[in-house]
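# Inside the fold
Residues per chain are reported as follows:
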Amino acid sequence: MIEQLAGSWNYIIVIILMMTGLFMVIARANLVKKMIGLSIFQTSVFIFYISLGKMAGGTAPILDGNPDTLYSNPLPHVLILTAIVVGVATTALGLALILRINEAFGSVEEDEIIAAKASQSLARPKRPTSEAAE
Amino acid sequence: MVSLVIDIFLLALLVLIAVMVVRTGRLYAVIVMSGAYSLTSAAIFVNLDAVDVAFTEAAVGAGISTVLFLAAMAYIPADEKPSQNRNFLAGVICIGAGALLLLAVMDLPSLGDAMAPVHQHVAPRYLAESGSALHIPNVVTTVLASYRGFDTLGETIVVFTAGLGVLMLLAGATRTNRVKADNRKTAAKTAKPKTNKPKTAKPKSATKTARTKA
Amino acid sequence: MMSLHTAMLVGLLAPLVVAILTPFLAVRHVWRDAAGPIGGVITFIAAVHVALAVLDGETPRLFVAQIAEGLALEFAVTPLGAIFGLVASGLWILAALYSVGYMRGNHEKHQTRFAAFYAVAVHAAMAVAWSGNLLVLFVFYEILTFSTYPLVTHKESALARNAGRLYMSILVGTSVVLLLPAVVWVWLSTGTLDFRPGGYLAGQIDPAMAPILLALFAFGVGKAALMPIHRWLPAAMVAPTPVSALLHAVAVVKAGVFTILTVVVYVFGIDFLAETGAADWLVWLSAFTILASSMVAITKDDIKARLAYSTISQLSYIVLGAAIASSIAVQGATLHIVMHAAGKITLFFCAGAIYVQAHLTKISELDGQGREMPWVFAAFFIGALSIIGIPPLGGSWSKFMLMVGAVDSGYLVILGVLGLSSLLNVYYLLEPVSRGFFRPKVKTVEVTSHPLVVIPPVLTAILSLLLFFYVDFFAALAKLMVIS
Amino acid sequence: MMGAAILTNLPALLVVVPLLLAPFSAVLPIAGLAWVLALVGTGISFLAALMLQSVTENGVRISYHLGNWEPPWGIEFVVDSASSLTLVVMSGLGFLATLAARRLVAIEIADKDSGKFYAAWLLVVGGLFGLVMTADAFNLFVFLEISALASVILIGMGAGTDRRALVAGYHYLVIGAVGATFYVIGVGFIYAITGTLNMGDMASRLPDAAGGAALYVGFGFMVAGMLVKAAIFPVHIWLPAAYGYAPSAVSTMLAAIATKAALYVLARIFFTIFAGTPEIVDIALSNIIVPLAVGGIFVGTIMAIYEADIKKMFAHSSVAQIGYIALGLALATPAGISAGFIHIGNHALIKGGIFMAIGGFVAALGARASLETITGIGRRMPITATAFLICGLSLAGLPLTAGFISKLYLVRAILETDSYVILALVLISSALSVVYLWKVMEVMWMQPAPARSPKLVENPAIYLPLWMVALGNIWFGIDAGWIVGAARLAATALLGGGA
């Protein structure tokens, strides 16, 4: 049991981390905090993948010419390199949207934005543009 | 054994940071902690033999990401407003999903097991071929650039997409220009009879109304 | 002369061509107004040609496209379809003439649009009549609904719009929600939707489910105006009278009862229905509709509203005949399509003529007007007698056969219902005539003469009379329906 | 020589052409040129898809090795009759949506942004094609993100006329990212027990893999992630706002093709990757996916009935229609899967047309289309409104329209499995859908236009493509042979073990 627990230690913690991140995404109303939750969620998945590739007694998969050397699995590393970049791209786009939302609604709190939508969508002119410009 | 101790310590640290992130309301602190989270994960990656990943995570995850967050914070409120109404639902979903995942990891090969399928299939060929066929010692680089080069192309496109999006959404110059362009358009419109067309919004004016109302 | 194939094409396309040409012919009103009657004559000739072939035992077919296995876009003329095709095309000639007179005499707007949609409706009715399977029937049934909507709301007043809304919601709603599933049900359980003499559901569906399927059809066909889905018909009375003629005699309600008869005869099979008793409930419902709507008709003072309820009642005669599901009753029901069409179109023509010439709409205002418009009132009288079923007029045949059918199948109560309803008919249909001729005038109105609205009702009245003597042609076709 | 090279490289061409045209479009300063580029990109894809379809018609399965690295070491694209049908549908509607986009974009998007807009447009389309073709579980994630991020940009562009588009875009981004991450977690588990990322390879190794709970959970998370992308109840919550507030052109394109790709991937997960472990798939399909699909059908329909905003109404309706597709696929019989594929094609036609027409209304009205603003529009914009009516009739499933064929085959497939409860539910929901369609048509055609309303101008640049789609609805309602045959082949290809 202990042995199994030791073997799964990384995984168990990783799952707790994932769920912490996911919890933030769902439960927090602050849009920035959601993004941070998302990045924690994703980073935890990265650790999960890298843990899968670990070989006991292995080293980084950089060939040293010695045929007896054990290497960890390079494939998860490759995947996660891609995933990290994708994750940052998501974050960047999310933040850009948050900035625009803040401009348009004056808030980055989901509850307030939804309330603003409800109260103003009827009274506000459908296109804020042309009227304001004239 | 040392590596196991380090591993346990670092992971515990991650849990600590994550809990603090959830509980902190000051966004600057949260962002810094999230940077710390990324750096700690980078350390874990080193410990798990993924040096390339660790380097990227430190540079991109901890570096660029944090810079982006901090830059964004210049324009938005610094504190999170307390709101607790969705905790229960979120808790149920997370605990449910977490429980399932815990159940599943118990059936995975234990950490570092050399007989695990991941070490038996596909990967060995990368390790075997990389040196002889391509003469690059770093297998990660080889796989990234050749076997799974298409992933890398895709990744580039994702970055391009995100850049495109940020540019379209934010580019300050475009937006001020758009205001001007719209003014010009409106001026032109008064001359033309056709007026029943929607035009692009100028977010600035919308923002002002929203703010004054708030 | 024409090949059958050509005849079918002509019959189906001539009204459509008229519809398409109408806007272009509108540069000269005479051209536009002549297009309808000419198209009617051409269509009628084609219909006669087709009907004669059917009488010779042929089944004229026109294949258009294969949709999926067991589903084809195909026309095939059954004896019943031949009859309905004759009715629709033949009455169109007169209705087209009449609507020219009515629209002009009344100075209605949008006459071009009116004429075009009128022709589309006739096209749809022809296609319904000659449809080769349930799917085609369904499609053109819907097209008929859609094409008559602009006609019903022709006046574009709030009242007309509300009527149009009710008209569309009941007809489209029932057909999509009930009729379409019924059609799909038939296809799924038998793999075909074709019409076959003697029907083909026997042995294909559980007899316990047959009443449910029949109910889907009976209520899905809103155009048959079975209570309680009859409300659209009186509401649609706001439309100009030629539309009412189209609705009541030429196309719409006839398409409804035609559908029910077709389903009973060519899909269920009357033997199957008679054996399982699946249509028993429909006998009682239609009997109820006959009496209830006659009662309502008595209370109406508005001529068109009274005629509308009379139509609901008469339609249920046809449904009743189908529901009794005996050979003689079905033949009676089929003949009643023809006889009622001729009779009712006369009545509506007369109502319209009275309106155009004297601007009267209430029965209580008709007192003494008979002498002012003798031809109109005489035509009305003959039409009414035909619908009541008095020899020597066409309507007597169909009513007689229905009564015989009811007795044969042991529905003695139904005989009583038919008798009672005839008495009510006598009262509410002859009241306007007797008022016109035997009461002193209550209202002096200026009567302007419009021959184009007087000639058609006189012609249809004569037709009702002729149908009594020359019923054999239709009777022979009707007989073909039940010989499998 | 040249021809042969193009032919063998068709699968790559289909994806790479739109993706590589995107950067060029982004820097084009002239909106018209960018549109031409987008049209060329989607047009080439459509031709390529048609060619692929003609090749795979005989049951041929094309395996394309990217960079000539053989699978499972390298990344593989697979095109069989199932994916080629999906590709033809997506690229065809993508092309038509691009055709209609010209005018809609000119009105709703600033000229300066047009080049970038079409760049994002091409990225979405290319990403979705990749999603359908790739046979590598992780590569699929990359394509998922390309199309998701680009979609978010396009949705966000709706902020030009309604600020709520920003929020819709943000929600789609976050929910989509969570979905994609779920998928990646699932792939991680399957990778851990099989050691491979290639779908075919996974399929052949899974039956012998000592998976236990990892197998179940890996499967579950992969499916859950794609359910989010396919907008299946209850994780459809992002869809109504996203389609509702996106620019009209974007709603058209997304509604016609976006969720279709995710639905196809779901089918691949069920019937290709986990073909060797059918017991898991069966449990999931009959106990989870079928109830969710039926739930989605009802929730979508009922929400549509209570919605006054036209775009959002039909977005809700999409949730219901996706439910029909998912239901067909989840029946897991040849008839059910082909019914699903038939509706993938037909629903693309229906919704593509409907959103194009709504775009036409919005363009002419200069305001959001709601039950209030489109009052009496039937007489004011007869060309657009008639096409809308045809697509609406098709959605209701009237005979001689494509929608009827879908419903017919779906009902028959359900009957084959003797699930009468589901049949009854489908029929009831189908009747309910008449309610909201009736509401719209009633307002459009049977109510008078508001007094003093200005004359509305109909633009051929919008209504010509719209009518092509509307006539498509009739064409495929009368001659359904092609789609039915292709869908049957697709079902055979999927159930034949794939790999």
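Shown above is the structure to which this text applies.
Bear in mind the structure is a predicted one, so any value in this text is a computation, not a measurement. (Residues numbered from 1 in each chain as written. Chains lettered and ligands numbered in written order. Predicted model: local features only at pLDDT ≥ 70, side-chain atom pairs only at ≥ 80, totals over all residues. Heavy atoms only, no water.)

We now examine unusual backbone geometry. Note that the residue after P71 of chain D, namely P72 of chain D, is joined by a cis bond; omega there is 5 degrees. Looking at the secondary structure, you find P72 of chain D in the loop between β1 (62-65) and β2 (76-79). Residues F233 of chain D and P234 of chain D are joined by a peptide bond in cis, for which omega reads 0 degrees. Examined against the element boundaries, P234 of chain D turns out to sit in the loop between α9 (213-230) and α10 (238-245). Not every positive phi belongs to a glycine, and A225 of chain C is a case in point at roughly 55 degrees. (Helix = DSSP H or I, 4+ residues; strand = E, 2+ residues; numbered from the N terminus.)

Moving on: the nonpolar core. Core analysis: the biggest nonpolar cluster contains 517 residues, and F314 and F341 of chain D have the highest contact counts within it. Counting residues per element, this core draws most heavily on helix α7 (residues 164-194) of chain D, at 21 residues. Each of domain 1 (1-79) and domain 2 (146-188) of chain B gives at least three residues to this core. (Core = buried A, V, L, I, M, F, W, Y, C linked by side-chain atoms within 4.5 Å. Buried < 20%, exposed > 50% of the residue type's maximum accessible area, 1.4 Å probe, protein only. Domains from an automatic or database assignment.)

Where nonpolar side chains cluster on the molecular surface, the patch consists of I455, L459, I462, L465, L466, F469 and Y470 of chain C and spans about 680 Å² of accessible area. Positionally, Y470 of chain C belongs in the loop between α18 (451-469) and α19 (472-482). (Patch = residues over 30% accessible without salt bridge, like charges linked within 9 Å, V, L, I, M, F, W, Y side chains within 5 Å. Areas by Shrake-Rupley, 256 points an atom, 1.4 Å probe, with all protein chains shown as cover. Salt bridge = Lys/Arg side-chain N within 4 Å of Asp/Glu carboxyl O.)

This brings us to the interface of chain A and chain B. Taken residue by residue, the interface counts 88 residues in chain A and 102 residues in chain B. With a closest N to O distance of 3.0 Å, K33 of chain A and E80 of chain B form a salt bridge. Our enumeration of links across chain A and chain B arrives at 19 residue pairs in polar contact (both at pLDDT 80 or more). Counting residues per element, the ones that place at least two in the side of chain A that touches chain B are α1 (2-27), α2 (31-53), α3 (74-105), α4 (110-123) and α5 (128-133) of chain A. No other element matches the 26 residues that α3 of chain A contributes to the side of chain A that touches chain B. Counted by class, the side of chain A that touches chain B contains 54 nonpolar, 21 polar and 13 charged residues. (Contact = heavy atoms within 4.5 Å. Polar contact = N/O pair within 3.5 Å; in protein donor to acceptor, adjacent residues only side chain to side chain. Nonpolar A, V, L, I, M, F, W, Y, C, P; charged D, E, K, R; others polar.)

As a further point, take the pattern of salt bridges. Counting across every chain of the model gives 19 salt bridges over all chains. Between E80 of chain B and R28 of chain A there is a salt bridge whose closest N-O contact spans 3.8 Å. Residue E80 of chain B is found in the loop between α3 (51-73) and α4 (87-106), and its partner R28 of chain A is found in the loop between α1 and α2; the two belong to separate chains. For the pair E80 of chain B and R28 of chain A, a shared accessibility class is recorded, and that class is buried. Through salt bridges with shared partners, one network takes in R306, D367, E431, R435 and R439 of chain C.

Looking now at helix α12 (residues 278-305) of chain D. Spanning 28 residues, α12 of chain D covers 38 Å between terminal C-alpha atoms, matching the ideal 40 Å at 1.5 Å per step. A maximum bend of about 40 degrees is found in α12 of chain D at L285 of chain D. (Expected span 1.5 Å × (residues − 1). Bend = angle between axes of the 7 residues up to and from the residue.)

Bringing the packing of helix α14 (residues 327-358) of chain C against helix α15 (residues 374-388) of chain C into the picture now. Residue and element names in this part refer to chain C. At a minimum axis separation of 8 Å, α14 and α15 run at an interaxial angle of 150 degrees. Judged by the angle between their axes, α14 and α15 are roughly antiparallel. As for the relative orientation of α14 and α15, their crossing is left-handed in sense. Between α14 and α15, the residues in contact are M339, H340, G343, K344, T346, L347, C350, A353 and I354 and V376, F377, A379, F380, G383, A384, S386 and I387, respectively. Classifying every residue of the contact of α14 with α15 gives eleven nonpolar, five polar and one charged. (Axes fitted to C-alpha atoms, helices over the stretch in contact; angles between N-to-C directions. Parallel < 35°, antiparallel > 145°, perpendicular 65-115°, else oblique. Left-handed = near helix turned anticlockwise from the far one by under 90°.)

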